[in-house]
Amino acid sequence: MTRLEEAAGLPEGITAAIGFAPENDLPLLLGQITRDQWAQSIVQGLGSGVSLGDAHALAKAFTEADFWADEAVVGLLRQVRKHCPVVLVTNATVWLDEDLAVLGLADLADIVINSSLVGVAKPDHRIYEMAAEQAGVRVDRCLFIDDRQENVDVANELGMTTVLYCAVGGLRESLAVLLNRRSPNALSWASSSGPHAARSSSSALP
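In this text, all values refer to a predicted model and were calculated from it rather than measured experimentally.

Calculation notes
- Counting restarts for each chain: residues are numbered from 1 in the order of the written sequence.
- It should be noted that, the model being predicted, local features are given only for residues of pLDDT at least 70 and side-chain atom pairs only at 80 or more, the latter also being counted only at that level, while totals for whole chains, interfaces and linings use all residues.
- Hydrogens and water are ignored here; the side-chain numbers use all heavy atoms of the structure.
- Remark: exposure states derive from per-residue accessible area (1.4 Å probe, protein chains only) relative to the maximum for the residue type, with buried under 20%, exposed over 50%, and partly exposed in between.
- Per the convention used, a helix needs a DSSP run of H or I reaching at least four residues, while a strand needs a run of E reaching at least two, with both numbered from the N terminus.
- The pairing criterion for strands is at least two bridges between them, as found by DSSP.
- A crossover counts as right-handed when, viewed with the strands pointing away from the observer, the path leading from the first strand over the helix to the second turns clockwise.
- Residues grouped as a nonpolar core are buried Ala, Val, Leu, Ile, Met, Phe, Trp, Tyr and Cys residues, joined through side-chain atoms within 4.5 Å.

Visitor: It is not clear to me how the pairing of strand S3 (residues 142-146) should be interpreted in this structure. Could you clarify?
Guide: Both faces of the sheet carry side chains from a regular strand, because those side chains alternate between them. For S3, a buried count of 5 out of 5 residues is recorded, marking the element as mostly surrounded by other parts of the structure. Because side chains alternate across S3, one face comprises the buried residues Cys 142, Phe 144 and Asp 146, and the other comprises Leu 143 and Ile 145, equally buried. Sheet analysis places S3 next to strand S4 (residues 161-164), joined by 4 bridges and oriented parallel. Each residue of the ladder has a partner; that of Leu 143, found in S4, is Thr 161. Following the chain from S3 across helix H10 (residues 149-157) to the adjacent parallel S4, one finds a crossover that is right-handed.

Take a look at the structure:
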């Protein structure tokens, strides 16, 4: 992306800023637009400051960019599944299942709450309540871990125990009590904040 933006005479990061702008990103995460429509919104956002060809190339590169998952976080979540169910609560696209399959993570969670399929995105309290209901636990039995403060704040307001994810070491420490138990218990949620990557996690208490 950096090379394409530089070649087009654009500042680094402008394509991502446009793509993730709420007016372009939120309809995608609510399942209201397609990938092609998302790309077109980026082309329009780039405007007359770049040629139409460059705009389309940048939009295509961004919307089809490679994605990844932190292997250390994935490993921790797989350990958690040995002790309790894992629920993935994510602001994601309608092609999330394809992305998870490409990453080899189709079996990472027991339940997936995908914003683009349920029509509600974090930090709307309804998606948290949906997750707790599907998992069959009260919200106050949940430990919610996410990498965005606004998402953590709402979970806290609902009565969940919360952790703001900053690094895998902190996540490991937060899950230590659960992972050291001998008997299965509680609920764990894994949560991602965007359409390209599974980046953070969350869990619940017995």
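On we go from here.
Visitor: Help me understand the pairing of strand S2 (residues 111-114), please; the structure alone is not making it clear to me.
Guide: Both strand S1 (residues 86-90) and S2 contribute to a ladder of 4 bridges, which runs parallel. Paired with Val 87 across the strands is Ile 111, a residue of S2. Between the parallel pair S1 and S2, the chain is carried across by helix H7 (residues 96-103), and the sense of this crossover is right-handed.

Visitor: Even after reading the chapter, I still don't get unusual backbone geometry, so can you show me in this structure?
Guide: Leaving glycine out, the prevailing phi sign among residues is negative, and the prevailing peptide bond configuration is trans. The omega torsion of the bond from Lys 122 to Pro 123 falls at 15°, within 30 degrees of zero and hence cis. Structurally, Pro 123 can be placed in the loop between helix H8 (115-118) and helix H9 (125-135).

Visitor: Got a minute to help me understand the nonpolar core in this structure?
Guide: Note on soluble globular proteins: their nonpolar side chains tend to be buried together. Of all hydrophobic cores here, the largest spans 22 residues; its most connected members are Val 80, Leu 105, Ile 145, Leu 171 and Leu 175. Breaking this core down by element, the ones donating at least two residues are helix H6 (71-80), S1, H7, S3 and helix H11 (168-179). The element contributing the most residues to this core is H6, with 5 residues.

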